[in-house]
Amino acid sequence: MLIRPSCWLAFATNGNFRKYSIVKMTSNWMTEKIKISSLSIEDKRKTYRSNEYVILDKVDPWHKYVAGSKDIENKKHTQEDLTEFRKIKLNEEKNAELAEKVSIFRGDITKLEIDAIVNAANSRLKAGGGVDGAIHRAAGPLLQAECNSIGGCPTGEARITSGYDLPAKHVIHTVGPQDGSAQKLRSCYESCFALVKEHQIKSVAFPCISTGIYGFPNRLAAHIALQTTRQFLEQNTDVGRVIFCTFMQVDVDIYETLLQVYFPVHEWNYND
Ligand code: AR6
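Rules and cut-offs
Residues numbered from 1 in each chain as written. Predicted model: local features only at pLDDT ≥ 70, side-chain atom pairs only at ≥ 80, totals over all residues. Heavy atoms only, no water. Helix = DSSP H or I, 4+ residues; strand = E, 2+ residues; numbered from the N terminus. Buried < 20%, exposed > 50% of the residue type's maximum accessible area, 1.4 Å probe, protein only. Polar contact = N/O pair within 3.5 Å; in protein donor to acceptor, adjacent residues only side chain to side chain. Contact = heavy atoms within 4.5 Å. pLDDT = per-residue confidence, 0-100. Near = heavy atom within 4 Å. Areas by Shrake-Rupley, 256 points an atom, 1.4 Å probe, with all protein chains shown as cover. Phe/Tyr/Trp six-rings, centres within 6.5 Å; stacked < 30°, edge-to-face > 60°. Disulfide = S-S within 2.5 Å. Expected span 1.5 Å × (residues − 1). Axes fitted to C-alpha atoms, helices over the stretch in contact; angles between N-to-C directions. Parallel < 35°, antiparallel > 145°, perpendicular 65-115°, else oblique. Nonpolar A, V, L, I, M, F, W, Y, C, P; charged D, E, K, R; others polar.

Okay, the side chain of Ser-203 next. Structurally, Ser-203 can be placed in strand 7 (residues 203-206). The exposure class assigned to Ser-203 is buried, which follows from its relative accessible area of 5%. A distance of 3.0 Å separates the side chain of Ser-203 from the backbone nitrogen of Asp-115, its partner in a polar contact. For Ser-203, the residues in contact, after removing those within four places along its chain, are Leu-56, Ile-114, Asp-115, Ala-116 and Arg-241.

Confidence along the protein chain averages 91 in pLDDT terms, with 88% of residues attaining 70 or more. Note on residues 1-20: pLDDT is under 50 here. Beyond four places in sequence and across chains, it has 21 contacts.

This part covers the site of the ligand. For the ligand, the set of nearby residues contains 22 residues, the closest of which are Asn-122, Gly-129, Val-131, Asp-132 and Ile-213. Take Ile-109: an N or O atom from its main chain is 3.0 Å from a nitrogen atom of the ligand. In the environment of the ligand, an oxygen atom lies 3.0 Å from a nitrogen or oxygen atom belonging to the backbone of Tyr-214. Protein chains bury 91% of the 700 Å² of accessible surface belonging to the ligand in isolation. It is helix 7 (residues 130-139) that provides the largest number of residues to the shell around the ligand, a total of four residues.

In this description, an aromatic ring pair is defined by two values, namely the gap between the centres and the angle between the planes. All told, the structure shown has seven aromatic pairs when counted by the stated rule. Seen from their ring centres, Tyr-189 and Phe-206 are 5.0 Å apart, and the 35° between their planes marks the pair as tilted. Of this pair, Tyr-189 sits in helix 9 (residues 182-198) while Phe-206 sits in strand 7, and the two are 17 residues apart along the sequence. Phe-206 carries the same exposure label as Tyr-189, and that label is buried. Taken together, the ring pairs connect Tyr-189, Phe-193, Phe-206 and Phe-232 into an aromatic cluster.

What the rule picks out here adds up to zero disulfides. Of the cysteine sulfurs around Cys-245, a residue in no disulfide, the closest is that of Cys-208, at 7.4 Å. Cys-245 sits in the buried class, given a relative accessible area of 5%.

Quick look at the environment of His-266 now. Turning to its location among the elements, His-266 is positioned in the segment after helix 11 (249-262). Assessed through its relative accessible area of 28%, His-266 is described here as partly exposed. Between the alpha carbons of His-266 and Ala-99 there is a distance of 9.9 Å; along the sequence they are 167 residues apart.

In this model helix 9 runs 24 Å from its N-terminal to its C-terminal C-alpha over 17 residues, within 8% of the 24 Å that 1.5 Å per residue would give. Among the residues of helix 9, those classed as buried are Leu-185, Cys-188, Tyr-189, Ser-191, Cys-192, Phe-193, Leu-195 and Val-196. Downstream of helix 9 by a residue or two, Gln-200 has a phi angle that is positive, lying close to 55°.

Right, let's talk about the packing of helix 7 against helix 8 (residues 141-150) for a bit. For the pair helix 7 and helix 8, the least separation of the axes is 6 Å and the interaxial angle reads 115°. Comparing their axes, helix 8 and helix 7 come out roughly perpendicular. For the pair formed by helix 7 and helix 8, the contact residues are Ile-135, His-136 and Ala-139 on the first element and Leu-143, Gln-144 and Cys-147 on the second. Class assignment of the residues belonging to the contact of helix 7 with helix 8 gives a composition of four nonpolar, two polar and no charged.

Below, the structure written as structure tokens:
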């Protein structure tokens, strides 16, 4: 029987047991990681901390989302949006295929039952606030134990762990910039996609990295997310779904506007 991780945390309050319990936490996360990866989906669902989870089929692909939203075409991009958009060149032949692969999901990223969710972490990989705090609470203490074994992550890079009690199999931790650097935020998305490719992840969800506590401008952050995603999906056909998880109304509006530009569902696009 696997002893619940909370027992080890309780033991850690006693000085004599501290070292012993940390060793146990380390072996615990390794054991649990292996165990989770071998569970059937039915058994894995019994380990989730919350009964509310969202399966991938319940997240509409972008072309369906557009068809089902009455006023979405009233959300117009600006001239500045087009200037930013024209920094990348689309392979227009991929428009229809890619409009089935990207999605907007509004809500709590910890509910998604997918291959990987991305965490907007800090460079020490210590549970913080915002989406990071939500992910650690939903995954349980073994997530922190595995993060501790990694040690840290520089800004603009990414590290992967198991998802433990989350519905997501993996968590990809990336550290967004605190200084407004667009280059470093781009590097976050590219580093996450490098791990997606390396680990053969088929579905991944991103929160709006750096736009909360780290204060990055929401609109430019969305351009960077969409540019890197478009470029990755054009080159990597194995990945089936990329979900943009929006939590604030401001981001819902921005993503609904800009996805129409980067992932056009019409015959034409804004480079014409
Ligand atoms: N699901 C999806 N998105 C969420 C959730 C959630 N449960 N909770 C918040 N967001 P932030 P950052 C959105 O501040 O700016 C932590 O302390 C939120 O509305 O979480 O990269 C870390 O440890 C916003 O749109 O991340 C770091 O120290 C987005 O997630 C620092 O915050 C990102 O906001 C990282 O700051």
